[in-house]
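Chain and residue survey
Below are the chains, spelled out letter by letter.
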Amino acid sequence: MTIGLNDYLFLSVLLFAIGFLGVLLRKNTLVIYMCLELMLVASTLALVAFSRFNGTLDGNVFVFFILTVAAAEVAVGLAIIVALFRRRQTVQVDELNALKN
Amino acid sequence: MAALLFYLFAAITLGTAILVVVSKNAVNSAMFFLLSLMGTASLFVLLDAFLLAVLLVLVYAGAVVALFLFIIMLLDMHGGDRKPFKRTTMVASAFAAILLGLGVLGFVQRAQLTSAPVGAEVVAVGATLKGYAAQLFTTYLLPVQIVGFLLLIAMLGVIVLSKRFEGLEDVK
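Reading the values: rules and limits
Residues numbered from 1 in each chain as written. Chains lettered and ligands numbered in written order. Predicted model: local features only at pLDDT ≥ 70, side-chain atom pairs only at ≥ 80, totals over all residues. Helix = DSSP H or I, 4+ residues; strand = E, 2+ residues; numbered from the N terminus. Buried ≥ 20, exposed ≤ 12 C-beta atoms within 10 Å, placed from the backbone. Contact = placed C-beta atoms within 7 Å. Expected span 1.5 Å × (residues − 1). Axes fitted to C-alpha atoms, helices over the stretch in contact; angles between N-to-C directions. Parallel < 35°, antiparallel > 145°, perpendicular 65-115°, else oblique. Nonpolar A, V, L, I, M, F, W, Y, C, P; charged D, E, K, R; others polar. Domains from an automatic or database assignment. Left-handed = near helix turned anticlockwise from the far one by under 90°.

1. What to know about the overall build of chain B
Within chain B, the secondary structure is distributed over 6 helices and 0 strands. Listed N to C, the secondary structure of chain B is α-α-α-α-α-α in terms of helices and strands. Across the 172 residues of chain B, 21% fall into the buried class. Pairs at least 24 apart in sequence give 56% of the contacts found in chain B among residues at least 6 apart.

Here it is, written out as structure tokens:
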């Protein structure tokens, strides 16, 4: 039995859903950010699978750019989290309720 | 053989991804995230995208996870262990995730995918480094320049965010 495009897409959807579950479920900002990265990786997996089974290079080049942007994004996001921690002394989202009331 | 490897790597990727979500300590989450990335890199190898597999290990597993661990240790979170989930939160988020998964899955299953049928031989263009070079320096030359500029802007942004400005009134 050979593995086709649909198997990879199924795996990618599952990984994306797990990342989404983590974003909704967890309270720690750092773990939420990790789960966001998991969702990003799931989408890159789908792109590479599409590219492989269509015999084109465009999806792979697109994933190349996604990796670059993700590296920049992680650096900026973690700097924001550190700035947040300096000000509020916490990274738990349920304690960050400045806009409540 | 390839099918067996696919199932093995898929199991590693998904299992460790679930452990990222449920593990009690943030450091454990980061470690399982690393394992999940390694599983994904192995799947990239199965898809003949060797360069992307290496880049995923270098950029994500090398730089990003190290940065995460560094920040976790820098912040030294008091009571870093998470509290147990509330039942309503758990049910609601599981429901939302299942709904999202089913929605995307239904879209994928019913879409008219015009790729080659299962088992057909498609030449693996992602395997050659030469192809990347030809694409990146001709068709995608402008995006490469823009991404380079984006990295510069990100670097400046991180410096501004991390710097303490003494004389300035902080934004409340």
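2. Description of helix α2 (residues 26-46) of chain B
With 21 residues, α2 of chain B extends 30 Å between its outermost C-alpha atoms, agreeing within 8% with the 30 Å of an ideal straight helix rising 1.5 Å per residue. The positive-phi residue at the C-terminal boundary of α2 of chain B is D48 of chain B, with phi of around 65 degrees.

3. Some words on the packing of helix α2 (residues 29-54) of chain A against helix α3 (residues 50-75) of chain B
Packing of α2 of chain A against α3 of chain B leaves a shortest axis separation of 12 Å and a crossing angle of 175 degrees. Taken together, the axes of α2 of chain A and α3 of chain B are roughly antiparallel relative to one another. Of the residues in α3 of chain B, those touching α2 of chain A at L30, M34, E37 and V48 of chain A are L52, V64, F68, I71 and I72 of chain B. Per-class residue counts for the contact of α2 of chain A with α3 of chain B are 8 nonpolar, no polar and 1 charged.

4. Topic: the interface of chain B and chain A
Across the boundary between the two partners, chain B contributes 71 residues, which contact 61 residues of chain A. The set of elements that each furnish at least two residues to the side of chain B that touches chain A consists of α1 (2-22), α2, α3, α4 (87-110), α5 (129-137) and α6 (141-162) of chain B.

5. A look at the environment of Q92 of chain A
All names here are of chain A. Summarising the element assignment, Q92 is placed in the segment after α3 (58-88). Between the C-alpha atoms of Q92 and T29, which are 63 residues apart in sequence, the distance is 6.1 Å. Setting aside chain neighbours within four positions, we find Q92 in contact with K27 and N28.

6. Thoughts on the domain arrangement of chain B
Taken domain by domain, chain B comprises domain 1 (1-81) and domain 2 (126-165). The distance between the C-alpha centroids of domain 1 of chain B and domain 2 of chain B comes to 23 Å.

7. A closer look at the packing of α1 of chain B against α2 of chain B
Residue and element names in this part refer to chain B. One can describe the packing of α1 onto α2 by two numbers: an axis separation of 8 Å at closest approach and a directional angle of 155 degrees. Considering their axes alone, α1 and α2 lie roughly antiparallel with respect to each other. Both α1 and α2 take part in a crossing whose hand is left-handed. Residues A2, L5, F6, F9, I12, T13, T16, A17, L19 and V20 of α1 form the contact with α2, whose own contacting residues are S29, F32, F33, L35, S36, G39, T40, S42, L43 and L46.

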